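Coordinate analysis (summary)
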Amino acid sequence: MRKEKGSLWGTYLLLTLGGLVMIFPFYFMIVTSFKSKDEAQAIHPSFWPHPFTIEPYIELVRDNVVFRAAVNSVIVAILSTVGTVLICALAGYAFAKHRFAGRDVFFVVLLSTMMIPGAVLLIPGFLLFRDFGWLDTWAPLIVPGLGGAFGVFMSRQFIGTIPDSLIESAHLEGASEWRIIFRIVFPLSKALLSTLAILTFLGSWNSFMGPLIFLLNDKLFTLPIVIALLQGRFSDRQNVEMAGAMVSIIPVLILFFFFQKQVVASLANTGLKE
Amino acid sequence: MLRTCRFFALIATLLIACTGLAEPTLHFWMVGAGLEDQELYTRLGNEFEKTEHVKVSFLPLPWGSFKFKYLTAMAAGLPPDVGITNNGGPYDYGIVSGVVDLRTEFPDRVKELEDRYYPATLPLGSIGNHLYGVPFDTTTPIIFYRTDTFQKLGLSPPTTISEYNHVLNVLDANGYMTYFEFPSTAAWSLSMYTMPYGKSSVHMDAQGKPTVDWLDPLYQKGVVEALNLWWMHLSPGQNLNGGGGGVFAADNIGTATPVYVAVTDTFTELHINKPALDGHWAMATWPIADGGKPYNIMAGTSLVIFRDAKLKKAAFDWIMFLTSMPVQHEIVLDHLSRGENSSCFFSTVRQAYEPSNDAFWNSEPKLQAEHDLVDVYKKVLPSFNTQQGVPGSEDVGPLEQNFLDSVGSFIQSRQDEIAARHGISRREVIEAFGQGKYQDEYNTLENDIRDKVASGYKDLAPKAMEIFAKESGEGAFYADVSSHFAEAQAAPDALKVAKWVALLIFVGYVAFAVGPKKNRANLISYLLIAPPLALSLIFVFIPAAVALYISFTKYHPVLPLSAARWNGIDNYREVIGNGDLPASLWRTGLYAVVTVPIGMVVSLVFAFLLNNRLRAQRWWRFIFFSPMVTGVVSIALIFTLLLLDSQLGWLNALLLDWHWVKDPIQFLTSEKFFLPSVMALAIWQGLAFSILVFLAGLQQVPEEQFEAAEMDGAGQVRKFWNVAVPGIRPQVFFMLVLGVIGSFQVFDTIYTLAGKSGGASARFGPEDAGQTVVPLLYHYGFESFEMGKAAAVAYVLFVITILITMIQLWLHRRGEV
């Protein structure tokens, strides 16, 4: 943070212009979501609703799909996050602090999975899940990501910075492996755990292609799918489409506003650790 | 006392639950069903349950993705029991033997069902002698027109295509518009113009071999007429998103659209939503082609029963139930009682149009008002003329659609040229044409259109025939496999082999961890790293290997994997040869080369700006970071509405108001602008994360460096270039790699902007403008279900990703030295 001696009017001007461009779509969404059906379809769009109505939201509630999908998304995201953080952190710890035959080989093998673009795995994944009977369940959305190589990589990098002496002295005192992990390593890795948790949560929350292909029954749909489907179910009711978008965006935005600092710090971590 | 009560309550609940469990559930999916349909069919399901003791569970499917859903469900082995799909459904699902042939499955009952239809309508759901589905409801295009405007201009409703053209010319001359509600990109839209000449795009010839009528002059005449009607007259836009009623009711030039071609539903909509217009409009049936036959039916839905259905008999009962007259009456009445959302429901069941049913049509004022429409169907249904599906039409259809799209673009660009030459807008050019001005330019354009159509089809026809030749054995192959389905499922296939290999590897790992004494001491380490390794084995390596295998085979997922046929490198050859993969790579490259640098530069600038101590710091950062958490799909949805191609879209409204453009820009419906729109959205959304990373990096740059620059008299700009940019080299490299790899994976944005879950258009953007690599993969895998080609595309993507990453790493390393 620098204290600037001269005037910052140029900065503020650019920021304002930029800010307007950033806000514009959100403004459109908010305004449209409160318009009546006729006004939303008017040939010349109005920039403020006349009359202001919450009818689109009522339709959304009647429809019920968006809210159920939001709940589904939360469940899937939480399950993903808890599972992934646990598995990745534990594995990262082993790679960072343990010595065993084949350690580096296994690590490279794991890393190499990051090279494979997800799209390659879509088709055979479909066949595999069909074979397992996992299609039309949440399993394909949660299980494969649990051992994410990126998570293991990041965990190893971070845990590697914990001084070996701490762990060795705990060993000498006769502590069991599990004690070491949960009483020493994890408490010292709060930044790592929260970063991993936020990334996994966001990733699961916004994931689209997986749910699109692996889920068939609308009772299990997650939010992104339902939002995309609003196009088809309410194709001539822009206002309801935007109400749906509001429902999916506003809660997250509010949470983000209050937890800005933490989220931003976590996400920035990923870019800095070299 | 309380204890026993609770005990009995528990028993009672269990018993009730058991009866619920004991009663089987019929799974029923329906395309195009809205909220009110959901309520209607749930009610009907309850009625059905009372007599048949089968519960009915209902799932609505949107028009944009229903086919994907049905085919995926069949491939997954988890289809519903019975479904309502489009008229092409029985063909599409029947050809892969995914639905049952009603005649062989229900030999003693099918006659009763067949008797409910006119003989002319049954072929709609048949392939040869196999009856794969029966039609359910139908709709026909109607020309709604403003009688007052027509009177003012001295026009009468058109009965032939040339009369129709004349009407539109007069309207053009006076500044009035026409709205054609159906996507001109859909194949069935085109058939409205060619079937009256007895010509059909794709059909079987007299010998039962698939062919196209593209080289037939009469067919081309129909196509040229279609192109003229779509592109050479004033129109409020290609997709008004339901706003048709609004422009139809408008009277001011610039908005007034006195001719509105839409489905019969609109009839009721206008009466209910625009009662002020009553008496000022009328209907005309679709004009007859000059020298051709009337062709009135266009689209509708059909009922099918799936091969993997658990309750086939109940499914048949449900179909009989839905097509019985009492239920039909209930459906018609329900559709008319939906307030603002009322519509007409017209069935294909013949009894609805026979004298015995006249009493019903006269029973209520609402029904009496539909008298004219009922007459239309009475006239048309008995002699309904249909075009059947054909193996290979999946790939041939897009050939034609893309071509016609390109001709549309051509027409528009020529109109723009003429407009530029006279210093007017495109709209004014069309008005001038209507007034008879610029005759020479008009005639030249018309001739050019005809030539373009002729030469285009001349090129395409052989390609179509090639595709047909290749696909000819398919139908027989599918039928063959389905008849031995159980054996095929039990037979060994690549996946089974892969599973054994995985098991061996797993055993090997355990042996390695537990065998040697040295390792046994480290057992806990092996335990800790086992989950990610096992997951990677099962969900990454095995699938990757299977994908490689599939890329060398020809495989449709409705069949068991053992039915995959070895194909050598043909998939790769075809995917490159037919231009799809090279085109998609080009688009992806373009996308990466534009979005990554622009994104980085803009976000660097803003990160630099945000690095100052600002007032309301928290708010500024919030504004710039918020797109990051809001989800790609929601944002894309907002942008589809912002970028509508008519005055209805906010962006176009602003541009027109400020006179920055003369005609609305077709952001999402023109091939020129689609990909740039996608790129703009991607840049907009990517800014948040990039600014974040760069800002974090800037905050690590020591204060002194900036202060030193200030002392040397550097202004903001100099500080930016000399201090900020060099200071965050590692972050720049990180974002570069991320950006490029990410741009190769783009899908969600394109899917939503192309409106895939919205309308019935089946492509990723006009003329496939949005078909980058991953959409192409999705198209092959989950739209045309050619999994072999999809896997081939996937592997090419894989190799390219690795190459690019290695190049970037190498460059980075060189840079460090």
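Here the structure is a predicted model, which is why all the values come from computation and not from measurement. (Residues numbered from 1 in each chain as written. Chains lettered and ligands numbered in written order. Predicted model: local features only at pLDDT ≥ 70, side-chain atom pairs only at ≥ 80, totals over all residues. Heavy atoms only, no water.)

Some thoughts on the domain arrangement of chain B
In many analyses, interface size is given as the accessible surface area lost on bringing the parts together. What the domain assignment lists for chain B is domain 1 (2-136 + 302-360), domain 2 (142-297 + 391-478), domain 3 (493-568) and domain 4 (574-813). Using only C-alpha atoms to locate each centre, domain 1 of chain B and domain 3 of chain B end up separated by 42 Å. (Domains from an automatic or database assignment.)

What to know about the nonpolar core
Within the largest apolar cluster, 256 residues are counted, with the highest numbers of intra-cluster contacts made by B:Phe28, B:Tyr41, B:Leu102, B:Ile305, B:Trp318, B:Leu322 and B:Tyr778. With 15 residues, helix H31 (residues 671-698) of chain B is the single largest residue contributor to this core. Non-local contacts of B:Tyr778, meaning those with residues more than four positions away in its chain, are made with A:Met209, A:Leu212, A:Ile213, B:Phe68, B:Phe747, B:Tyr751, B:Phe764 and B:Glu783. In this structure, B:Phe180, B:Phe182, B:Val202 and B:Phe433 belong to the second largest nonpolar core, which totals 54 residues. (Core = buried A, V, L, I, M, F, W, Y, C linked by side-chain atoms within 4.5 Å. Buried < 20%, exposed > 50% of the residue type's maximum accessible area, 1.4 Å probe, protein only. Helix = DSSP H or I, 4+ residues; strand = E, 2+ residues; numbered from the N terminus. Contact = heavy atoms within 4.5 Å.)

Examining the packing of helix H13 (residues 223-233) of chain A against helix H14 (residues 238-258) of chain A
Between two packed helices, both the angle of their axes relative to each other and the distance between the axes serve to describe the pair. Residue and element names in this part refer to chain A. At a closest axis distance of 9 Å, the pairing of H13 and H14 adopts a crossing angle of 165°. Classified by the interaxial angle, the pair formed by H13 and H14 is roughly antiparallel. Like other packed secondary-structure pairs, H13 and H14 cross with a definite hand, here left-handed. Contacts between H13 and H14 involve Leu223, Ile227, Leu230 and Gln231 on the former and, on the latter, Val240, Glu241, Gly244, Ala245 and Ser248. Looking at the contact of H13 with H14 residue by residue, the class counts come to five nonpolar, three polar and one charged. (Axes fitted to C-alpha atoms, helices over the stretch in contact; angles between N-to-C directions. Parallel < 35°, antiparallel > 145°, perpendicular 65-115°, else oblique. Left-handed = near helix turned anticlockwise from the far one by under 90°. Nonpolar A, V, L, I, M, F, W, Y, C, P; charged D, E, K, R; others polar.)

With respect to the packing of helix H1 (residues 9-32) of chain A against helix H29 (residues 632-642) of chain B
The N-to-C vectors of H1(A) and H29(B) enclose an angle of 80°; their axes lie 10 Å apart at closest approach. Classed by the angle they form, the pair H1(A) and H29(B) counts as roughly perpendicular. Residues A:Phe24, A:Pro25, A:Phe26, A:Phe28 and A:Met29 of H1(A) form the contact with H29(B), whose own contacting residues are B:Ile635, B:Ile638, B:Phe639, B:Leu641 and B:Leu642.

Observations concerning the sheet that holds strand S13 (residues 299-305) of chain B
Residue and element names in this part refer to chain B. The strand order across the open sheet built from five strands is S2-S1-S3-S13-S6, with neighbouring strands paired in mixed fashion. Two strands bound the open sheet, and with one partner strand each, they are strand S2 (55-61) and strand S6 (133-139). Neighbour-to-neighbour, the strand axes of the sheet open up by a mean angle of 20°, direction not taken into account. The pairing of strand S3 (residues 82-86) with S13 spans five bridges and is antiparallel. Across the sheet, residue Thr85 finds its bridge partner in S13, namely Ser302. (Pairing = 2+ DSSP bridges.)

Notes on the sheet that holds strand S8 (residues 178-180) of chain B
Hydrogen bonding along the main chain pairs the strands of a sheet, whether they run parallel or antiparallel. Residues and elements named next belong to chain B. Strand order in this open sheet of four strands is S8-S11-S7-S12, and the pairing throughout is mixed. The strands lining the two open edges of the sheet, one partner per strand, are S8 and strand S12 (281-285). Going from strand to strand, the sheet's axes swing by 25° on average, the running direction of each strand aside. The pairing of strand S7 (residues 141-146) with strand S11 (residues 259-263) spans five bridges and is classified as antiparallel. Residue pairing for S11: Ile142 is matched across the bridge by Ala262.

Observations regarding the interface of chain A and chain B
If you look at the interface, chain A gives 121 residues, while chain B gives 137 residues. The contact between chain A and chain B buries some 11600 Å² in all, and 73% of this surface belongs to carbon and sulfur atoms. For the interface between chain A and chain B, the tally reads one salt bridge. A salt bridge links B:Lys499 to A:Asp131; its shortest N-O distance comes to 2.3 Å. Taken together, chain A and chain B are joined by 10 residue pairs in polar contact (both at pLDDT 80 or more). Here the residues of the side of chain A that touches chain B are counted per class, giving 78 nonpolar, 23 polar and 20 charged. (Buried area = accessible area lost by both parts, 1.4 Å probe. Salt bridge = Lys/Arg side-chain N within 4 Å of Asp/Glu carboxyl O. Polar contact = N/O pair within 3.5 Å; in protein donor to acceptor, adjacent residues only side chain to side chain.)

Focus on the environment of B:Glu400
Residues and elements named next belong to chain B. Tracing the backbone shows Glu400 in helix H18 (residues 393-422). Considering only alpha carbons, one finds Glu400 and Ser201, 199 residues apart in sequence, at a separation of 8.8 Å. Beyond its immediate sequence surroundings of up to four residues, Glu400 is in contact with Leu190, Ser201, Trp214, Tyr219 and Tyr457.

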